[in-house]
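# Examination of the molecular architecture
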Amino acid sequence: MRENKVVYGLIGYGGMGRWHTEILSNVPEAVIGGIYDIKEEKREEAKEKGFFVYETEEAMLADPDIDVVLIATPNDCHKPIAIRAMHAGKNVISEKPVTLSSTDLLEMENAAKETGKLLTVHQNRRWDDDFLIIKKLVEEQKLGHVFRIESRVHGSRGIPGDWRKEKVHGGGMVLDWGVHLLDQILYMYGDRKIETVYASLTNVTNQEVDDGFTAILTFEGGTEVLVEVGTNNYISLPRWYVLGEDGTAVIRDWQLNGEIIRKTGRTEETVVPVKTAAGLTKTMAPRREDTIVKEDLPKVSGDIADFHRNVVAVIRDGAEPEIKLFQVMRVMKLMEAIFRSAETNQVIEFQDQV
Ligand code: NAD
């Protein structure tokens, strides 16, 4: 601790490492004590930005000034670095996904227990505005009983970068984007049990790891959730599509374009059929205008710096971590069920422990 500020040591100064330095500049209770990257050019870049740079990981872990090590390296490096850091007496924040399997996560959890150190994970998309809007709609039952949620992210550029394309580094889209989308759903539904999981993976641009997936989760109480990541989608489907008994909500894009349509309670005695090429249909006919009402999406906004503010509060004041290990484990087991379902083409009975 330096003048009551929590001192961060950042390992990995790539895209996300640089982003963390920006986020942390909005958290006055935290300070970056130094940075380490395995590549010399990255260490040089960090020096040029004015950061103190360690020449080795050991040097950072041996520095008594560092309170918390923030790991922003490729996915396969999180576990060994986290375990070394905790044994060196440091608290740890790992980037997502925390590691590659539930067995690996158990080892990390054991190290946290043995050392008494904080281990948490940067599940920053819990603070995304689009997610917070949907969470509010569901919690306030704005649409009545929600029976289906579809959460999608679609792009057309394939898997980005280098290590994300390789299995050995924990590449693929389930571990990259899936971990965010699944964490959001499990966080929103808290203690509601998942009963079954069915999933398929895509390998359009990459044969080694999945370049996209679709997973269908059924929750007790009857809600079905579809989670999908696509990287070869030249037309994107909406980011969120939520169906309740009393209405529907859509968020189309990252700019939060979308709306809610709800029924007013007025009924139509005589439905005018719509004419399609091959005949008439009442089922698919548009509704009479006074039977529905269009509303704006609620305004909710998150602040991603709250993640680091929480870490500071945990270390300084013993607060509860926002991202808890049992939640991280549940998402990890869900990702394993997704891989198992895709491999066997079977519906998996999910042994949910909530
Ligand atoms: P990147 O390739 O841009 O950067 C990784 C950096 O780690 C590189 O500079 C590399 O030299 C360094 N590195 C590799 N092995 C190392 C080691 N053993 N010790 C020290 N440095 C090492 O990757 P990225 O996009 O920044 O992703 C890094 C992590 O951040 C991944 O786990 C990724 O999933 C996560 N991430 C999270 C979000 C989010 O929204 N939470 C977004 C992007 C990436």
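Residues numbered from 1 in each chain as written. Predicted model: local features only at pLDDT ≥ 70, side-chain atom pairs only at ≥ 80, totals over all residues.

This next bit is on the overall build of the protein chain. The secondary structure content of the protein chain amounts to 9 helices and 16 strands. Taken against the 2.2 N^0.38 rule, which gives 20 Å for 354 residues, the C-alpha radius of gyration of the protein chain at 23 Å falls within 12% of a compact globule. In terms of overall dimensions, the protein chain has a C-alpha envelope of 75 × 45 × 40 Å along the principal axes. Considering only intrachain contacts with a sequence separation of at least 6, the fraction spanning at least 24 residues in the protein chain is 69%. (Helix = DSSP H or I, 4+ residues; strand = E, 2+ residues; numbered from the N terminus. Rg over C-alpha atoms; globule rule 2.2 N^0.38 Å. Contact = placed C-beta atoms within 7 Å.)

Glancing now at the UniProt feature "domain: GFO/IDH/MocA-like oxidoreductase" (unreviewed entry) in the protein chain. In this structure's numbering, the residues bearing the UniProt feature "domain: GFO/IDH/MocA-like oxidoreductase" (unreviewed entry) are residues 133-249. Spanning residues 133-249, this segment combines 21% helix with 35% strand, and its end C-alpha atoms are found 10 Å apart. (UniProt positions renumbered as here; feature names shortened; annotations may be inferred.)

In terms of domain boundaries, the protein chain breaks down into domain 1 (6-122) and domain 2 (129-256 + 297-302 + 334-349). A C-alpha centroid distance of 28 Å is found between domain 1 and domain 2. Between domain 1 and domain 2, the residue contacts involve 8 residues of the former and 8 residues of the latter. Here the residues of the side of domain 1 that touches domain 2 sort into 3 nonpolar, 3 polar and 2 charged. (Domains from an automatic or database assignment. Nonpolar A, V, L, I, M, F, W, Y, C, P; charged D, E, K, R; others polar.)

Taken together, 23 residues are adjacent to the ligand, and G12, G14, G15, M16 and E95 come closest. Each residue belonging to the shell around the ligand can be placed in one class, and the counts come to 8 nonpolar, 9 polar and 6 charged. (Near = placed C-beta within 6 Å.)

Attention now moves to the sheet that holds strand β16 (residues 348-349). Spatial ordering of the open sheet is given by β15-β12-β11-β10-β6-β9-β8-β7-β16, a layout of 9 strands whose pairing is mixed. Edge strands, defined here as strands with exactly one partner in the open sheet, are β15 (292-295) and β16. Examined bridge by bridge, strand β6 (residues 146-154) and strand β9 (residues 224-230) share 7 bridges and lie parallel to one another. Paired with V153 across the bridge in β9 is V229. Docked against the sheet, helix α9 (residues 325-344) engages β7 (194-202), β8 (212-219) and β16, running at close to 60° with respect to β7. (Pairing = 2+ DSSP bridges. Axes fitted to C-alpha atoms, helices over the stretch in contact; angles between N-to-C directions.)

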